[in-house]
Amino acid sequence: GIARPSHFDKWINLKLLFKQHYKREPKGGLEACVRSCGLPFEGRAHSGLVDSQNTAKICIQMMQQGFRFNRPTRGFAPDGH
């Protein structure tokens with residue numbers, strides 16, 4: 001198999017942090033979440049690059065509003081599972 005680089009072993013659960021920051025559930029999919037933040041959704045939904053760019057918009061806005069992404073919220077166990 002292909003070895004997974006260690007920087008892919010931990011990640012954040014943006015839905016969890018969205019709820020924590022905005023005090024509401026992230027409902028209706030990415031497009032609805034982007035629009036609920038007052039941001040324009042750009043591009044075609046479910047395109048990897050477009051979804052990444054729209055997700056980044058939410059993260060940038062959260063940081064501009066004072067939110068700090070301090071640590072991962074999810075990750076693999078030491079055995080890789």
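Look up: the structure comes first, before these words.
None of the values given here were measured: they were computed from a predicted structure.

(A) Structural context of the packing of aromatic side chains. Per the stated rule, a full pass over the model turns up three aromatic pairs. With a centroid separation of 5.1 Å and an interplanar angle of 70 degrees, the aromatic rings of W11 and F76 are classed as edge-to-face. Placement of the pair is W11 in strand β1 (residues 10-11) and F76 in the segment after β2 (74-75), with a sequence separation of 65 residues. Residue W11 is classed as partly exposed on the basis of its relative accessible area, which comes to 34%. For F76, a relative accessible area of 32% corresponds to the partly exposed category. Ring centres 4.7 Å apart and planes at 50 degrees place the aromatic pair F18 and Y22 in the tilted group. Taken together, the positions of F18 and Y22, both in helix α1 (residues 14-22) and four residues apart, correspond to about one turn of that helix.

(B) Focus on the environment of A45. With respect to the helices and strands, the residue A45 is situated in the loop between α2 (29-36) and α3 (48-64). Exposure remark for A45: the relative accessible area of 30% places this residue in the partly exposed category. Note: C-alpha distance between A45 and G29 (16 residues apart in sequence) is 9.6 Å.

(C) Representation of the layout of surface pockets. The volume enclosed by the largest pocket comes to roughly 180 Å³. Looking at the largest pocket, the residues that line it are L14, K15, F18, P26, G29, L30, C33, D51, T55 and I58. Elements represented by at least two residues in the lining of the largest pocket include exactly α1, α2 and α3. Each residue belonging to the lining of the largest pocket can be placed in one class, and the counts come to six nonpolar, two polar and two charged.

Conventions and cut-offs
Residues numbered from 1 in each chain as written. Predicted model: local features only at pLDDT ≥ 70, side-chain atom pairs only at ≥ 80, totals over all residues. Heavy atoms only, no water. Phe/Tyr/Trp six-rings, centres within 6.5 Å; stacked < 30°, edge-to-face > 60°. Helix = DSSP H or I, 4+ residues; strand = E, 2+ residues; numbered from the N terminus. Buried < 20%, exposed > 50% of the residue type's maximum accessible area, 1.4 Å probe, protein only. 1 Å grid on protein atoms, 1.4 Å probe; cavity = no way out; pocket = protein on both sides within 12 Å on 5 of 7 lines; lining within 4 Å. Points joined across faces, edges and corners; volume = space filled by probe spheres on them. Nonpolar A, V, L, I, M, F, W, Y, C, P; charged D, E, K, R; others polar.

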